[in-house]
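# What the coordinates show
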Amino acid sequence: MVAAIEIHQLYKCYGAFSALENINLSIHPGEFFALLGPNGAGKTTLISILAGLTLATSGHAKIMGHDVVSDYVNARKNLGVVPQELVFDPFFTVREALIIQSGYYGIRKNDAWIDEILHRLDLTDKADTNMRALSGGMKRRVLVAQALVHKPPVIILDEPTAGVDVELRQALWFFINQLNREGHTIVLTTHYLEEAEALCNRAAMLKQGKIVALDSIRSLINGIQGFSIQLRLS
Ligand code: ATP
């Protein structure tokens, strides 16, 4: 069976600094996987390489068997990414933002699917609102919606619940779990370990650019002294 994400001997250097060092990882289709680690561990850099936005210094990564560099178009079709930063064009409405995102993947405007995504993320009422008029929590939901327009089998979410209130955090966790139950492979970074623990099958712990542990979140917390305190402080 082809892996959802396959990473082989991946390195990323900025000058003499190693942001990622010899990353090897295989994530299976249907897994709910957490990428953990303190600030600066290399999580966002790894996600950026998988999304084809940053070039690795050496090594390979594949999404559903498609190399993220040499077969970028197919790799990207199979991947939805929810970035950490809330970056939008403020003058588009929510619906327009989703239509434009669809265009990036060369897919035709699909009103029924966009309506369904809006409905599932409780954004229907905001469909014709300009992005600049949305709260941070609403924008976070739009980021999730944008990642789904091309129905990708693999979804990566970089701190999807950062900076949102408890109610929305729970709603987002519920929604992400639903996506996983529907068959999507989920990879996420988070600092909310208790919530992630309830859902994730496995987790990798990144530290200074290296995978230092690969196990269940509970085992990682138990196995590394000070781990959870360190994460909360980061
Ligand atoms: P956080 O939890 O804060 O988001 P992270 O685990 O996502 O952290 P990265 O953003 O991937 O960490 O950063 C990993 C390291 O690489 C950091 O030390 C960062 O300063 C460095 N880094 C990232 N991008 C660049 C760049 N363009 N040039 C130089 N160094 C960089």
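Residues numbered from 1 in each chain as written. Predicted model: local features only at pLDDT ≥ 70, side-chain atom pairs only at ≥ 80, totals over all residues. Heavy atoms only, no water.

The name given to the protein in an unreviewed UniProt entry is ABC-2 type transport system ATP-binding protein, with the source organism recorded as Nitrosomonas communis. The UniProt entry for the protein carries the following text under Sequence similarities (unreviewed entry): "Belongs to the ABC transporter superfamily." (UniProt positions renumbered as here; feature names shortened; annotations may be inferred.)

Moving on, we come to the overall build of the protein. In terms of helices and strands, the protein carries nine helices and 10 strands. Over its C-alpha atoms the protein spans a radius of gyration of 17 Å, differing by no more than 12% from the 17 Å that the globule rule assigns to 234 residues. Taken over 234 residues, the protein has a buried fraction of 48%. Intrachain contacts of the protein at a sequence separation of at least 6 include 68% that bridge at least 24 residues. A total of about 11300 Å² of accessible surface is found on the protein, and carbon and sulfur atoms cover 51% of it. (Helix = DSSP H or I, 4+ residues; strand = E, 2+ residues; numbered from the N terminus. Rg over C-alpha atoms; globule rule 2.2 N^0.38 Å. Buried < 20%, exposed > 50% of the residue type's maximum accessible area, 1.4 Å probe, protein only. Contact = heavy atoms within 4.5 Å. Areas by Shrake-Rupley, 256 points an atom, 1.4 Å probe, with all protein chains shown as cover.)

Attention shifts here to the packing of aromatic side chains. Summed over all chains, the structure comprises zero aromatic pairs. We note Lys151 situated over the ring of Trp113; from NZ or CZ to the ring centre the distance is 4.6 Å. (Phe/Tyr/Trp six-rings, centres within 6.5 Å; stacked < 30°, edge-to-face > 60°. Lys NZ or Arg CZ within 6 Å of the ring centre and 35° of its normal.)

Around the ligand sit 13 residues in total, of which Asn39, Gly40, Lys43, Thr44 and Thr45 are the nearest. Between Gly40 and the ligand, the recorded distance is 2.8 Å, taken from a backbone N or O atom to an oxygen atom. Measuring from an oxygen atom of the ligand, one finds a side-chain N or O atom of Thr44 at 2.7 Å. Protein chains bury 62% of the 640 Å² of accessible surface belonging to the ligand in isolation. Elements represented by at least two residues in the shell around the ligand include exactly strand S2 (17-27) and helix H1 (43-50). Per-element tally for the shell around the ligand: the top contributor is H1, with three residues. Class assignment of the residues belonging to the shell around the ligand gives a composition of five nonpolar, six polar and two charged. (Near = heavy atom within 4 Å. Polar contact = N/O pair within 3.5 Å; in protein donor to acceptor, adjacent residues only side chain to side chain. Nonpolar A, V, L, I, M, F, W, Y, C, P; charged D, E, K, R; others polar.)

As a further point, take H1. One turn of an α-helix holds 3.6 residues; hence residues three or four places apart share an orientation. For H1, a buried count of seven out of eight residues is recorded, marking the element as mostly surrounded by other parts of the structure. Buried residues of H1: Lys43, Thr45, Leu46, Ile47, Ser48, Ile49 and Leu50, and no others.

Time to look at the environment of Gln170. In this structure, Gln170 sits in helix H6 (residues 166-181). Assessed through its relative accessible area of 51%, Gln170 is described here as exposed. In this structure the C-alpha to C-alpha distance between Gln170 and Glu195, which are 25 residues apart in sequence, comes to 8.6 Å.

As a further point, take the packing of helix H3 (residues 94-104) against helix H4 (residues 111-120). H4 packs onto H3 with a crossing angle of 125° between their chain directions and a minimal axis gap of 11 Å. The orientation of H3 with respect to H4, classified from their angle, is oblique. In this structure, H3 meets H4 at a crossing whose hand is right-handed. For the pair H3 and H4, contact is made by Val94, Arg95, Leu98, Ile99 and Ser102 and by Asp111, Ile114, Asp115 and Leu118, respectively. Grouping the amino acids of the contact of H3 with H4 by side-chain chemistry returns five nonpolar, one polar and three charged. (Axes fitted to C-alpha atoms, helices over the stretch in contact; angles between N-to-C directions. Parallel < 35°, antiparallel > 145°, perpendicular 65-115°, else oblique. Left-handed = near helix turned anticlockwise from the far one by under 90°.)

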